Structures are given as C-alpha cells and as structure tokens.
Amino acid sequence: MTTTHPPLHRPEVAQQPGPARVTPVARAMAILRIALGFVFLWAFLDKTFGWHYSTATTPKSKAWIHGGSPTRGFLSHVEVGPLQSWYRSIAGHTWADWLFMLGLLGIGVALLLGVAVRLASAAGVLMLAFMWFAEFPPAQHDRTGALTGSSNPLTDYHFIYALALLVIGLAV
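Keep in mind that this is a model prediction, so the values were computed, not measured. (Residues numbered from 1 in each chain as written. Predicted model: local features only at pLDDT ≥ 70, side-chain atom pairs only at ≥ 80, totals over all residues. Heavy atoms only, no water.)

Observations regarding unusual backbone geometry
For step 1, the next point in the chain: Residue Ala116 is not a glycine yet carries a positive backbone phi of 50 degrees.
For step 2, the next point in the chain: Following the sequence through the fold, Ala116 ends up in the loop between helix H5 (94–113) and helix H6 (117–135).
For step 3, the next point in the chain: On the accessibility criterion, Ala116 (48% relative accessible area) is partly exposed.
For step 4, the next point in the chain: Its identity is not glycine, yet Phe136 carries a phi of approximately 30 degrees, on the positive side.
For step 5, the next point in the chain: When you line up the elements, Phe136 lands in the loop between H6 and helix H7 (157–171). (Helix = DSSP H or I, 4+ residues; strand = E, 2+ residues; numbered from the N terminus. Buried < 20%, exposed > 50% of the residue type's maximum accessible area, 1.4 Å probe, protein only.)

The following block contains the structure:
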C-alpha cells in the first residue's frame, strides 16, 4: 500500500522576490508617456528660444527670452469657437504667457521623468482642451465667414493627445 504525502511547503522559496516583469503594455505606456512629455517640453523650448519649428513661427528675435510673447501671435488671431473673444482678450498678457509656458514645461518634465504623472496628465488634458477650443474643429467658418480649414468636426491632434494623457493618467 502506497501512501501519498502532501508536497513539502517551503515558504522561504515562495517569498523570494523575482525580477520585476515589465509587460508589453507597460512598455508601450512608458513610451507614450515619454513621447507626450517631449511634445510639451519641445513646445516650451521652441517658444523660449525661437528655434523656428512649427511650435514657434515667429523669428528668433521674438523668442520668449528676447521679450516675445508665446501667446500673442496665436491667441490674438483666434476667429472660431465659443471662447474666441476671451482668447483674444488675454493674448500677450504676461500672466497668460507665464502660465502657458510653465504649464508646457511642468507637464513636459513630469511626463518625461515619470513624476506626478496623474497631475501632469490632468493639467495636460485641461491645456489641450483650451487649445482645442481655440481651433474649434467643428466650425466650418470663422467669425468673418472665411473657411476654417478644419478637416474633421471632432478630432484633431489636441483631442488625440488629450485622450492619450487621460489613458496614461488612469493607468498609473
């Protein structure tokens, strides 16, 4: 007659930590977080130093470090959406420039370093929502009757970036 014994339980083996396993989804989320962080940080750097990429279409002499306003050029020409008069009224104000630039810098650095990611994601979603309203994709015509050039009545890159930030913020 054969007796079966329960397997030996060795708690010291079960409690030993193994190497952390990083899933493909976690890697993809980290890459997305870093990429979006660079989008915000690059906009800050380009507007600050006037490197003349698409985030700063003004000449280098009008960069923020040379006294230029990062909000004046864009916000003073907002011609669509429910907030158009408010945007034009704050264009070029020192407080608006500082708030905008510190937002870009803070969101970019936080996302790149992976610190305060929820806060940075929420701030980024809010900033992108304001930018979406400044371009207001649903509008086919601006206040003067000219075509806006909107290619989609709902989605643009601001919406997609905000959606990605929302997912990142919920995932951490």
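Thoughts on the packing of aromatic side chains
For step 1, the next point in the chain: Counting across every chain of the model gives 10 aromatic pairs.
For step 2, the next point in the chain: Note on Phe38 and Trp42: the rings are 6.0 Å apart at their centroids and 35 degrees apart in plane angle, and the pair reads as tilted. Here Trp42 and Phe38 lie together in helix H2 (residues 24–49), a separation of four residues that amounts to about one turn.
For step 3, the next point in the chain: Here Phe38 falls in the partly exposed class, since its relative accessible area comes to 46%.
For step 4, the next point in the chain: A centroid spacing of 5.3 Å and a plane angle of 50 degrees characterise the contact between Trp86 and Tyr87, whose relative ring orientation is tilted.
For step 5, the next point in the chain: Judged by its relative accessible area of 3%, Tyr87 is buried.
For step 6, the next point in the chain: Taken together, the ring pairs in this structure connect Phe38, Trp42, Phe49 and Trp51 into an aromatic cluster. (Phe/Tyr/Trp six-rings, centres within 6.5 Å; stacked < 30°, edge-to-face > 60°.)

Focus: the pattern of salt bridges
For step 1, the next point in the chain: Inspection of every chain in the model, using the stated rule, returns one salt bridge.
For step 2, the next point in the chain: Residue Arg143 is joined to Glu79 by a salt bridge in which the shortest nitrogen-to-oxygen separation is 2.4 Å. Highlighted residues: Arg143 in the loop between H6 and H7 and Glu79 in the loop between helix H3 (72–75) and helix H4 (84–90), separated in sequence by 64 residues.
For step 3, the next point in the chain: Take Glu79: its relative accessible area is 19%, and that puts it in the buried class. (Salt bridge = Lys/Arg side-chain N within 4 Å of Asp/Glu carboxyl O.)

Concerning H5
For step 1, the next point in the chain: With 20 residues, H5 should cover 28 Å at 1.5 Å per step; its first-to-last C-alpha distance of 28 Å lies within 8% of that length.
For step 2, the next point in the chain: Burial in H5 covers these residues: Ala96, Asp97, Phe100, Met101, Gly103, Leu104, Ile107, Gly108, Ala110 and Leu111.
For step 3, the next point in the chain: Contacts made by the buried residues of H5 are with H2, H4, H6 and H7.
For step 4, the next point in the chain: Where H5 ends, the next residue or the one after it, Gly114, has phi of about 75 degrees, a positive value. (Expected span 1.5 Å × (residues − 1). Contact = heavy atoms within 4.5 Å.)

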